[in-house]
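Letter by letter, the chains look like this.
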Amino acid sequence: MERTIIVTGAGRGLGYSIARKHLDMGDRVYAIDYNLTDELRSLAEASEKLSIYQCDIGSTESVAEAVKDVLAAGRQLNIIYNVAGIYRFEDKTGLEHTDLDAGLHMFNVNALGALRICKAVWPLIQKGTLVVNISSEAGSIGGSRRKQEYCYCMSKAALNMGAKILSNELWDRSARVINFHPGWLRTPMGGPGAFASKHSVSPDESAENIVNIAVNIDEVPRDQMFMTHTGDILPW
Ligand SMILES: NC(=O)c1ccc[n+]([C@@H]2O[C@H](COP(=O)([O-])OP(=O)(O)OC[C@H]3O[C@@H](n4cnc5c(N)ncnc54)[C@H](OP(=O)(O)O)[C@@H]3O)[C@@H](O)[C@H]2O)c1
């Protein structure tokens, strides 16, 4: 059965790997990103099942424009992957040197962006739809040992809360929500250390693990909502 998928942050990194994985599985993919990279454009040229849209998930107008085609197609969504996110290396510092105003933008993109996408395609979230949010272990309040990165951690904790409320609301539709920590990714966001470390993971490997859990979501109890890409449960 061909699935219908939305992926944000599909221009590069984890989002790109997730989009490509679903195309390999024969699915219909609507890919969204702030920048339509050459890589994503080439993928779209090679596959008629991929549609790509430039969009800022921090803007309600931009999201509404980007989802016009998927709404017009009117097909139930199988999986929505909210992958797009931002991070600032300058925030690896204590409160005294943290730019809290920049944190507002981060909150808007990382926490509200996922809900903005879901709200925009609300009629297409039906029985069996799965919303996958790419959160982070940084958003775990129970597991937090950090003394820095206030804004990023808070934005991901807020994303987690949004996911829980959305899950409660979607109960009646038999639709589900799950949040993942994707691992320490070998991407620019992961930083130079990720490329050198044996504890990091490639976006392709993380995507493979996340997609495998997502397409077999019936094997995951509904109350297990926050986990690593390898399926280890994280504390909220
Ligand atoms: N990297 C890690 O080690 C790590 C660890 C834990 C969690 N995560 C989370 O995993 C997700 C993917 O990370 P990644 O390493 O693959 O990141 P990445 O390589 O930086 O890719 C993120 C993608 O999101 C897009 N994006 C950013 N802001 C956007 C916006 N406002 N509207 C639309 N698209 C936007 C970016 O577009 P542009 O290129 O145009 O900016 C980029 O294509 C993120 O949510 C991140 O927080 C990452």
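Here we summarise the structure given alongside this text. Quick caveat: nothing in here was measured; it's all calculated off a predicted structure. (Residues numbered from 1 in each chain as written. Predicted model: local features only at pLDDT ≥ 70, side-chain atom pairs only at ≥ 80, totals over all residues. Heavy atoms only, no water.)

1. Thoughts on the pairing of strand β6 (residues 176–181)
Then step 1. Burial of β6 is extensive: six of the six residues sit out of reach of the surface.
Then step 2. In this sheet, β6 lies alongside strand β5 (residues 130–134) in parallel orientation, the contact comprising five bridges. Across the sheet, Leu130 pairs through a bridge with Arg176, a residue of β6.
Then step 3. For the segment spanning β5, helix α6 (residues 150–170) and β6, crossover handedness is right-handed.
Then step 4. Direction of pairing for β6 relative to strand β7 (residues 226–228): parallel, over a ladder of three bridges. Looking at the pairing, His181 lines up with Thr228 of β7. (Buried < 20%, exposed > 50% of the residue type's maximum accessible area, 1.4 Å probe, protein only. Helix = DSSP H or I, 4+ residues; strand = E, 2+ residues; numbered from the N terminus. Pairing = 2+ DSSP bridges. Right-handed = clockwise from strand over helix to strand, strands pointing away.)

2. Focus on the packing of helix α1 (residues 13–24) against helix α8 (residues 203–215)
Then step 1. It is at 8 Å that the axes of α1 and α8 come closest, and there the two elements cross at 55°. Put simply, α1 runs oblique to α8. Both α1 and α8 take part in a crossing whose hand is right-handed. Taking contact as the criterion, the partners of Gly13, Leu14, Ser17, Ile18, Arg20, Lys21 and His22 in α1 are, on α8, Pro203, Asp204, Ser206, Ala207, Glu208, Ile210, Val211 and Val215.
Then step 2. Counted by class, the contact of α1 with α8 contains seven nonpolar, four polar and four charged residues. (Axes fitted to C-alpha atoms, helices over the stretch in contact; angles between N-to-C directions. Parallel < 35°, antiparallel > 145°, perpendicular 65-115°, else oblique. Left-handed = near helix turned anticlockwise from the far one by under 90°. Contact = heavy atoms within 4.5 Å. Nonpolar A, V, L, I, M, F, W, Y, C, P; charged D, E, K, R; others polar.)

3. A look at the site of the ligand
Then step 1. Around the ligand, the structure places 28 residues, and the nearest of them are Arg12, Asp33, Asn35, Tyr152 and Thr187.
Then step 2. One of the backbone N or O atoms of Leu14 is found 2.9 Å from an oxygen atom in the ligand.
Then step 3. Across the complex, the protein chains shield 92% of the 900 Å² of accessible surface that the ligand would expose by itself.
Then step 4. Elements supplying a minimum of two residues to the shell around the ligand: α1 and α6.
Then step 5. Among the residues making up the shell around the ligand, the classes are represented as 14 nonpolar, 10 polar and four charged. (Near = heavy atom within 4 Å. Polar contact = N/O pair within 3.5 Å; in protein donor to acceptor, adjacent residues only side chain to side chain. Areas by Shrake-Rupley, 256 points an atom, 1.4 Å probe, with all protein chains shown as cover.)

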